[in-house]
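# Coordinates in review
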Amino acid sequence: MNDTSRFLVVHGLPIIFGAVLLDQLGVPIPAAPWLLAAGALAAAGKFDWFMALGLSVMACLLADFLWFYLGRYRGTQVVALLCRMSLEPDSCVRKTVNVFTRYGWRGIILAKFVPGMSTVTPPLAGMAGVRAGQFLLVDGLGSLLYSAAFILLGYVFSEQITRIAADLDRFGGGLLTVIIILVALYIIYKFWDRQRLLRELRTAKITPAELGQMLEAGESPLILDVRPVMDLEQDPAIIRGAIHMAMEDLENRHKELARDREIVIYCDCPNEVSSAKTALALRRKGFNRVRPLLGGIEAWRKANYPMDVWTKTTATATTTVVVNNELSSSK
């Protein structure tokens, strides 16, 4: 037995509980390698897989119910916090909303196997009004499948995992160091890419005061709200005259928008990442007069500028009217 295996045999159970708990809370410490190692040791008869499975499920439920409770009572604030924690601000939240909206309770189970989504789904379930008992039942099933899958994989591929652990000991942790360096480089790259995007559009942003002056002067810029539908259901306030059009719809329907009209895009994520990405995408498609709103919906709200209330029943009709007007003005 190598040093790594001996360490896991002695301290494995609390390590598994702590790693899974931190992973589900959103801390970038992957729990899967520890569950795989538990399965490999269980195959050799040196570890209690049943206890590992139970602790893993318990850690998942503890972290998930905490996020669920925060989402129920502090929904928008929690989503903003998750945006700040994510390497892909807002995108993982948006993708999770799409999965949750499409698959319902099954999305809670599917999200367990997708990094990032497992943390975002519980608060979204709380925001959506899912009952606590129903959430715990479905989340418990997802946690059980998630934990059992990795432990079973470790059990099946125990020989290969044991060889990897032996190689790590033989090279004095050199291979592990390489892996850590690669992960660190990936994080640095994602951070750099995010800053590049923000720098590219920093000078193009429009402030709430500038937009307010445009509207008061009788100008009619096209204002697009690109927030997910679930966010709008929780916070239906929109800028007066704005229409809601999801980022995915903009990608498919950009040809319907007039290129000679000012377009202002806003969201509610820190640093206006969604609106910035959408504005950049439209610029690359030939829209030269498109700008993200600095500070998004929150900055507009704090400045006490006029707002409307978004509803599902009027959203489609409003979008149709505005787009038809755009098509007419472009002829």
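This brings us to the overall build of the protein. Counting its secondary structure elements, the protein contains 16 helices and six strands. Counting across all 331 residues of the protein, residues that qualify as buried make up 45%. A sequence separation of at least 24 residues applies to 77% of the contacts in the protein between residues at least 6 apart. Just so you have it, the protein exposes about 17100 Å², and 63% of that area is on carbon and sulfur atoms.

Before going further, it helps to examine the environment of M51. Inspection of the secondary structure assignment puts M51 in helix α3 (residues 49-73). Using a relative accessible area of 39% as the deciding quantity, one classes M51 as partly exposed. Placed 38 residues apart in sequence, M51 and L13 show a C-alpha to C-alpha distance of 7.5 Å.

Now for the sheet that holds strand β4 (residues 263-266). In space, the four strands of this open sheet follow the order β3-β1-β4-β5, with parallel pairing throughout. This sheet does not close on itself; its edge strands, each paired only once, are β3 (243-244) and β5 (290-292).

Residues of strand β1 (residues 222-225) alternate between two faces, with L222 and L224 on one and I223 and D225 on the opposite face, all of them buried. Inspection of the sheet shows β1 paired to β3 by two bridges, in the parallel sense. Bridging from a neighbouring strand, L224 pairs with I243 of β3.

Moving on, we get to the pairing of β4. What you see with β4 is no split at all: I263 and I265 on one side and V264 and Y266 on the other are buried throughout. Note that β1 and β4 share four bridges and pair parallel. Residue pairing across strands places L222 opposite I263, the latter belonging to β4. Where β4 lies against β5, three bridges are found, and the strand directions are parallel. Bridging from a neighbouring strand, I263 pairs with V290 of β5.

This brings us to the packing of aromatic side chains. Throughout the structure, instances matching the rule amount to seven aromatic pairs. A ring pair is formed by F65 and F68, whose centres lie 5.9 Å apart and whose planes are at 25 degrees; its orientation type is stacked. With F65 and F68 both in helix α3 and three residues apart, this pair spans about one turn of that helix. Residue F65 is classed as partly exposed on the basis of its relative accessible area, which comes to 33%. By relative accessible area, which is 3% here, F68 ends up buried. Centroid distance Y146 to F150: 5.3 Å. Interplanar angle 70 degrees. Geometry classified as edge-to-face. One end of the pair, Y146, and the other, F150, are both in helix α8 (residues 132-156), four residues apart, so they sit about a helical turn from each other. Accessibility expressed as a relative area gives 5% for Y146, which makes it buried.

What follows deals with the pattern of salt bridges. On inspection of all chains with the given rule, the structure shows nine salt bridges. Between E262 and R289 there is a salt bridge, with its nearest N and O atoms 3.4 Å apart. Linking E262 in the loop between α13 (247-253) and β4 with R289 in the loop between α14 (273-284) and β5, this pair joins segments that are 27 residues apart in sequence. Salt-bridge contacts for E298 lead to R301; the nearest nitrogen and oxygen are separated by 3.1 Å. Placement of the pair is E298 and R301 together in helix α15 (residues 296-302), with a separation of three residues, close to one helical turn. Salt bridges here are not isolated pairs; linked through shared partners, they connect D225, R227, D235, E298 and R301.

With respect to the secondary-structure elements, H244 resides in strand β3. Within the structure, H244 has its side chain in polar contact with the backbone oxygen of R227 (distance 2.5 Å).

Rules and cut-offs
- Position numbers for residues start from 1 in each chain and track the written sequence from start to end.
- In keeping with the predicted nature of the model, local features appear solely for residues at pLDDT of at least 70, side-chain atom pairs appear and are counted solely at 80 or more, and the whole-chain, interface and lining totals rest on all residues.
- Side-chain numbers come from the whole structure's heavy atoms, not from hydrogens or water.
- Labels follow the DSSP assignment, with helices taken as runs of H or I lasting at least four residues and strands as runs of E lasting at least two, numbered in each case from the N terminus.
- Partly exposed residues are those whose accessible area sits between 20% and 50% of the maximum for their type, while under 20% is buried and over 50% is exposed, using a 1.4 Å probe and protein chains only.
- For this analysis, residues touch if any pair of their heavy atoms sits within 4.5 Å.
- Areas reported as accessible are Shrake-Rupley estimates using a 1.4 Å probe. Residue values count occlusion only from the protein chains shown.
- A pair of strands is treated as paired once DSSP finds two or more bridges between them.
- Classification of ring pairs uses Phe, Tyr and Trp, with its six-membered ring standing for Trp, and accepts pairs whose centres are within 6.5 Å; under 30 degrees between planes counts as stacked, over 60 as edge-to-face, and the remaining range as tilted.
- When a carboxyl oxygen of Asp or Glu is within 4 Å of a side-chain nitrogen of Lys or Arg, the pair counts as a salt bridge.
- Polar contacts, as used here, are pairs of N or O atoms within 3.5 Å; protein pairs need one atom able to donate a hydrogen and one able to accept it. Residues neighboring in sequence count only if both atoms are side-chain atoms.

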